[in-house]
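The primary structure of each chain is shown beneath.
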Amino acid sequence: MALIGNLRHRPARRLGQLYGGLLLYGVSMALMVRSDLGLDPWDVFHQGLSERTGLSFGTVTIAVGALVLLLWIPLRQRPGLGTVSNVVVIGLVADATLALLPAGGPLGVRIALLVTGIVANGAATGLYLGAQLGPGPRDGLMTGFVARRPGLSVRLVRTVIEVVVLVLGLLLGGTVGVGTVAYALAIGPLAHLLIPLFAVPVTESAPAAPTAVPVG
């Protein structure tokens, strides 16, 4: 699969924004894990697999991302630098942050971790998608299905995928709770606000057209 996107326009800003966003995304995931108040559907799945396999949360995140990326081949989706970087960077950063953050703590601290994690996740989404160097692998899975089945809406496909991974994650032992609901309610408005804010035009005359709200 050939990579999409190029770095002819504003390469320094776009690369800085991409990797800054991915770093922040990994940190945000770790904050929500340490809150122990519930995760987004994909991270419930990642955490459940981690519990079952004994692999670190970040390692599982990387492995699942790589497997999802392989599903792009029959869907004829083309990855970008941001797509490949997403697979590797987020998991490594999540593990590093989890190693620094102690588990447990008072409820007030855990609520603060959850809120900070959700807001940081929204900002990270705006940053890395705004760089326009390719969506995350899970996002491409959603849009690939829609492209192959035009009669299906993005909303429906996203909902089905997230419900499936959420149920699987719950069965595997992942954490579902108030944080799961809070993330579902907040991430759409946050991404709607922040993706246009951080969008980098890739030509001098055309406005940026970043990818829709991600699924992880």
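Residues numbered from 1 in each chain as written. Predicted model: local features only at pLDDT ≥ 70, side-chain atom pairs only at ≥ 80, totals over all residues. Heavy atoms only, no water.

1. What to know about the overall build of the protein chain
Argument step 1. Counting its secondary structure elements, the protein chain contains nine helices and zero strands.
Argument step 2. For 216 residues, the compact-globule formula gives about 17 Å, and the C-alpha radius of gyration of the protein chain, at 17 Å, lands near that figure.
Argument step 3. With the C-alpha coordinates aligned to their principal axes, the bounding extent of the protein chain is approximately 50 × 35 × 30 Å.
Argument step 4. The contacts in the protein chain between residues at least 6 apart in sequence include a share of 82% that link residues at least 24 apart.
Argument step 5. Counting every atom, the protein chain has about 10000 Å² of accessible surface; 71% of that belongs to carbon and sulfur.
Argument step 6. Across the protein chain, the 14 positively charged side chains and the 8 negatively charged ones have centroids separated by 11 Å. (Helix = DSSP H or I, 4+ residues; strand = E, 2+ residues; numbered from the N terminus. Rg over C-alpha atoms; globule rule 2.2 N^0.38 Å. Contact = heavy atoms within 4.5 Å. Areas by Shrake-Rupley, 256 points an atom, 1.4 Å probe, with all protein chains shown as cover. Lys, Arg positive; Asp, Glu negative; His and termini not counted. Charge placed at Lys NZ, Arg CZ, Asp CG, Glu CD.)

2. Here we look at the confidence of the model for the protein chain
Argument step 1. Confidence in the prediction of the protein chain, expressed as mean pLDDT, is 87, and 90% of residues score 70 or more.
Argument step 2. Between residues 204-212, whose pLDDT stays under 50, and residues either more than four places distant or in other chains, the model counts 17 contacts. (pLDDT = per-residue confidence, 0-100.)

3. Notes on helix 3 (residues 57-70)
Argument step 1. Here helix 3 contains 14 residues, and its C-alpha end-to-end distance of 20 Å stays within 8% of the 20 Å for a straight helix at 1.5 Å per residue.
Argument step 2. Inspection of helix 3 places Phe-57, Gly-58, Val-60, Thr-61, Val-64, Gly-65, Val-68 and Leu-69 among the buried residues, and these make up the whole buried set.
Argument step 3. Taken together, the buried residues of helix 3 touch helix 1 (11-35), helix 2 (41-53), helix 4 (72-75), helix 5 (81-100) and helix 7 (137-148). (Expected span 1.5 Å × (residues − 1). Buried < 20%, exposed > 50% of the residue type's maximum accessible area, 1.4 Å probe, protein only.)

4. Re unusual backbone geometry
Argument step 1. One non-glycine residue, Asp-36, lies in the positive phi region at around 55 degrees.
Argument step 2. Relative to the helices and strands, Asp-36 resides in the loop between helix 1 and helix 2.
Argument step 3. Its identity is not glycine, yet Gln-132 carries a phi of approximately 55 degrees, on the positive side.
Argument step 4. With respect to the helices and strands, Gln-132 occurs in the loop between helix 6 (107-130) and helix 7.

5. Let's talk about the packing of aromatic side chains
Argument step 1. Taken as a whole, this structure holds two aromatic pairs when the rule is applied.
Argument step 2. Their ring planes at 75 degrees and their centres at 5.9 Å tell us that Tyr-25 and Tyr-128 sit as a pair that is edge-to-face. Here the residue Tyr-25 occupies a position in helix 1, and Tyr-128 occupies one in helix 6, the gap between them amounting to 103 residues.
Argument step 3. Take Tyr-128: its relative accessible area is 0%, and that puts it in the buried class.
Argument step 4. Consider the rings of Trp-42 and Phe-45, whose centres lie 6.3 Å apart with planes at 75 degrees: the pair is edge-to-face. Taken together, the positions of Trp-42 and Phe-45, both in helix 2 and three residues apart, correspond to about one turn of that helix.
Argument step 5. Here Trp-42 falls in the buried class, since its relative accessible area comes to 5%.
Argument step 6. Exposure remark for Phe-45: the relative accessible area of 14% places this residue in the buried category.
Argument step 7. The side chain of Arg-138 reaches across the aromatic face of Trp-42, ending 5.3 Å from its centre. (Phe/Tyr/Trp six-rings, centres within 6.5 Å; stacked < 30°, edge-to-face > 60°. Lys NZ or Arg CZ within 6 Å of the ring centre and 35° of its normal.)

6. Brief notes about the environment of Ala-103
Argument step 1. Inspection of the secondary structure puts Ala-103 in the loop between helix 5 and helix 6.
Argument step 2. Separated by 18 residues in the primary sequence, Ala-103 and Ser-85 have C-alpha atoms spaced 28 Å apart.

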